[in-house]
Amino acid sequence: MSITDAWGSHWASAVNADPENHHIGRMSRFGLRLESRDGYQADYVYTAGVLTPGKPAPGTQEDFIHLQGSAAAWVELFDANAAPRRHDLLALLKAPDGLVVVAGYDGLLRHLRVITRLVEIGKANATT
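Residues numbered from 1 in each chain as written. Predicted model: local features only at pLDDT ≥ 70, side-chain atom pairs only at ≥ 80, totals over all residues. Heavy atoms only, no water.

Draft legend 1. View of the overall build of the protein chain. Check the secondary structure of the protein chain and you find six helices and five strands. Starting at the N terminus and walking to the C terminus, you meet the elements of the protein chain as α-α-β-β-β-β-α-α-β-α-α. Rg of the C-alpha trace for the protein chain: 13 Å, near the compact-globule value of 14 Å for 128 residues, within the 12% margin. When the backbone C-alpha atoms are referred to their principal axes, the protein chain occupies close to 35 × 30 × 25 Å. (Helix = DSSP H or I, 4+ residues; strand = E, 2+ residues; numbered from the N terminus. Rg over C-alpha atoms; globule rule 2.2 N^0.38 Å.)

As structure tokens, this is what we get:
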């Protein structure tokens, strides 16, 4: 699994089919860049409960959140059996060789509940 393979489109489909996501995300709008330190990146746009691959349109006023980490940290983020202190987004933001917020820390906090749900859905669908 990597952040740029077919898993990413499967993840977006699972997010878009999730009723809880639609409920909690109906007021959220943000761009999301997931980047590994070896140069791979995946861009998503989240609008009112719908996650789509792609970059935000230029000039939009939405929050932009850019997360970067090692390939191993991305695997841990979406691993349902990850070790303690490496098991969720906030833990990996504090962990050595974990994830880093490159841009959009305020947006991350503003949309934390939605982003947490996106990670939960990713964990549930990581092995499919």
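Draft legend 2. Spotlight on the pattern of salt bridges. Here the structure, examined in full by the defined rule, presents eight salt bridges. Of the charged contacts in the structure, one is a salt bridge between Asp43 and Arg33, with a shortest N-O distance of 2.7 Å. Here Asp43, found in strand β2 (residues 41-47), pairs with Arg33, found in strand β1 (residues 29-36); they are 10 residues apart in sequence, far enough to count as distant. In terms of burial, Asp43 and Arg33 fall into one category: buried. Glu120 serves as the salt-bridge partner of Arg117, at 3.0 Å between the closest nitrogen and oxygen. Linking Arg117 with Glu120, this pair stays in helix α6 (residues 112-125), spanning three residues, or about one helical turn. The network of salt bridges with common partners includes Asp18, Glu20, Arg113, Arg117 and Glu120. (Salt bridge = Lys/Arg side-chain N within 4 Å of Asp/Glu carboxyl O. Buried < 20%, exposed > 50% of the residue type's maximum accessible area, 1.4 Å probe, protein only.)

Draft legend 3. Inspection of α6 at higher detail. If you check α6, its first and last C-alpha atoms are 20 Å apart, about what 14 residues at 1.5 Å a residue would give, namely 20 Å. Those residues of α6 lying buried are Val114, Ile115, Arg117, Leu118, Val119, Ile121, Gly122, Lys123 and Asn125. (Expected span 1.5 Å × (residues − 1).)

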